[in-house]
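Below are the chains, spelled out letter by letter.
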Amino acid sequence: MQEKILKIKEEFESLINTVENSEALEQIRINFLGKKGQVTDLLKNLKNASNDEKKVLGKEINLLKRHVEEQIASTVEKIKKAEEEKLVNSATKYDVSLPVDFSQGSFHPITLVQREVEEIFYTMGFTIEDFPEVVDDYNCFEALNIPKHHPARDMQDTYYLENGQLLKTHTSAAQNSIMRKYGAPLRAIFPSRCFRNESTDACHENTFFQMEGIMIDENISISNLIYFMKTMLSEVFHKDINVRLRPGFFPFVEPGFELDISCLICGGEGCPSCKNSGWLELCPCGMIHPNVLKYGGIDTDKYTGFAFGLGLTRLAMMKYGIKDIRDLNSGNLKSLSQFKNK
Ligand code: PHE
């Protein structure tokens, strides 16, 4: 039995010293400490030993067990750190101090991300629509189930023109016109610049970009929404990314959600860009409210649909590891022209 204990210890040492990811570590834990694990077996077999042997062996096995537990616990920490570091490093390098070549123009990072997302949705059968930045109250609010004096308007204070028109606060302002233009079934995305009366900080700007998407057809459900969002995000980041859905309230969707992705800048640790939460709110979404479909002239007995309002600015920050949203509107070519070849 003593020999067996030694052998198990040796095997454990060689495995734990070379383990590289959390799945493999979990396998090791099961292999040694699980219900049918090797250390568990040793303890089970102890009952066949004589009383004297039990004393000695029992102590040794328990020491081994504690050793295995401690090693696993410290390795979990090590691996978690390494995995987080990998995540942070996988955000494309962005370094304002790098020398840049001004002899050639370059696309703005938001343009690059916008084109990439457009391409992805285009291949999934969505049309790409344009809509003015100056809109009226009906399109921006009323047609979206936000009547005058509705408290939801407070979240979207913006800049008004003297003639009563306003700078659009969200791309949803185009929903009604697009529904009226095409009717159902319908798949469309519509990117645009949006404006809000915001105090600026590392993650808020008064001018930012969104990309709205709507899909209306028979039998459209939340599963369709999740499928399209996951497919798109995995394409943009070239890997499966973590998302979570939380309930969210918007008068024009029911049910409504907030789709978050794990912050790629800090890898979920918490940093100013994600308000120390480890998650970045990327995409509010939900099933289009029947009132909104009706305002858009869609037959609600036959059709349902989903809508999402992707934060393009935030997506660009995530993709390129841009820590401060204000860099994007800064006009600072030293930062902006780094994206030419990406
Ligand atoms: N228009 C909303 C906003 O900007 C986002 C949204 C779009 C929510 C589509 C749900 C569905 O706050």
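Residues numbered from 1 in each chain as written. Predicted model: local features only at pLDDT ≥ 70, side-chain atom pairs only at ≥ 80, totals over all residues. Heavy atoms only, no water.

In this section: the overall build of the protein chain. Within the protein chain, the secondary structure is distributed over 11 helices and 9 strands. Rg of the C-alpha trace for the protein chain: 27 Å, well past the compact-globule value of 20 Å for 342 residues, more than 25% over. Dimensions of the protein chain along its principal axes, counting C-alpha atoms only, are 95 × 60 × 35 Å. For the protein chain, buried positions account for 45% of its 342 residues. (Helix = DSSP H or I, 4+ residues; strand = E, 2+ residues; numbered from the N terminus. Rg over C-alpha atoms; globule rule 2.2 N^0.38 Å. Buried < 20%, exposed > 50% of the residue type's maximum accessible area, 1.4 Å probe, protein only.)

Glancing now at the sheet that holds strand E4 (residues 186-195). Spatially, E1-E4-E5-E9-E8-E7-E6 is the arrangement adopted by the 7 strands of the open sheet, whose pairing is mixed. Looking at strand neighbours, the two that pair on one side only are strand E1 (127-128) and strand E6 (243-247), the edges of this open sheet. Bridge count between strand E7 (residues 253-262) and strand E8 (residues 279-288): 8 bridges; the pairing is antiparallel. Bridging across to E8, Val253 finds its partner in Ile288. The strands touched by helix H10 (residues 312-320) are E4, strand E5 (207-217), E7, E8 and strand E9 (304-311); relative to E9, the strand with the most contacts, the crossing angle is about 55°. (Pairing = 2+ DSSP bridges. Contact = heavy atoms within 4.5 Å. Axes fitted to C-alpha atoms, helices over the stretch in contact; angles between N-to-C directions.)

Turning next to the packing of helix H8 (residues 222-237) against H10. Where H8 contacts H10, the two axes come as close as 10 Å, and the packing angle between them is 40°. When the axes of H8 and H10 are compared, the pair comes out oblique. Here Leu233, Val236 and Phe237 of H8 come into contact with H10, specifically with Leu315, Met318 and Lys319. (Parallel < 35°, antiparallel > 145°, perpendicular 65-115°, else oblique.)

Soluble globular proteins: nonpolar side chains tend toward being buried together. If you look at the biggest cluster of nonpolar residues, it comprises 47 residues, and the most contacted ones within it are Val117, Met232, Leu233, Phe237, Phe308, Leu310 and Leu315. Elements with a minimum of two residues in this core: helix H5 (109-123), E5, H8, E7, E8, E9 and H10. No other element matches H8, which puts 7 residues into this core. Apart from the residues within four sequence positions on either side, Phe237 is in contact with Ile261, Leu264, Leu315, Met318 and Lys319. Listed in part, the 26 residues of the second largest apolar core include Ala188, Phe252, Val292 and Leu293. (Core = buried A, V, L, I, M, F, W, Y, C linked by side-chain atoms within 4.5 Å.)

We now examine the domain arrangement of the protein chain. Taken domain by domain, the protein chain comprises domain 1 (2-90) and domain 2 (109-339). Centre-to-centre separation of domain 1 and domain 2, based on C-alpha positions: 48 Å. (Domains from an automatic or database assignment.)

Evaluation of the coordinates by the stated rule reveals 8 aromatic pairs. Put simply, the rings of Phe121, Phe126, Tyr227, Phe228, Phe306 and Phe308 touch in pairs and so form one group of aromatic residues. If you follow Arg115 out to its NZ or CZ, it ends over the ring of Phe107, 4.5 Å from the centre. (Phe/Tyr/Trp six-rings, centres within 6.5 Å; stacked < 30°, edge-to-face > 60°. Lys NZ or Arg CZ within 6 Å of the ring centre and 35° of its normal.)

Locating Glu258 in the fold gives a position in strand E7. According to the relative accessible area criterion, Glu258 is buried, its value standing at 11%. Counting along the chain gives 54 residues from Glu258 to Leu312, while the straight-line C-alpha distance between them is 15 Å. Excluding anything up to four places from it in sequence, Glu258 contacts Arg244, Leu245, Arg246, Pro247, Gly248, Phe250, Glu281, Cys283 and Pro284.

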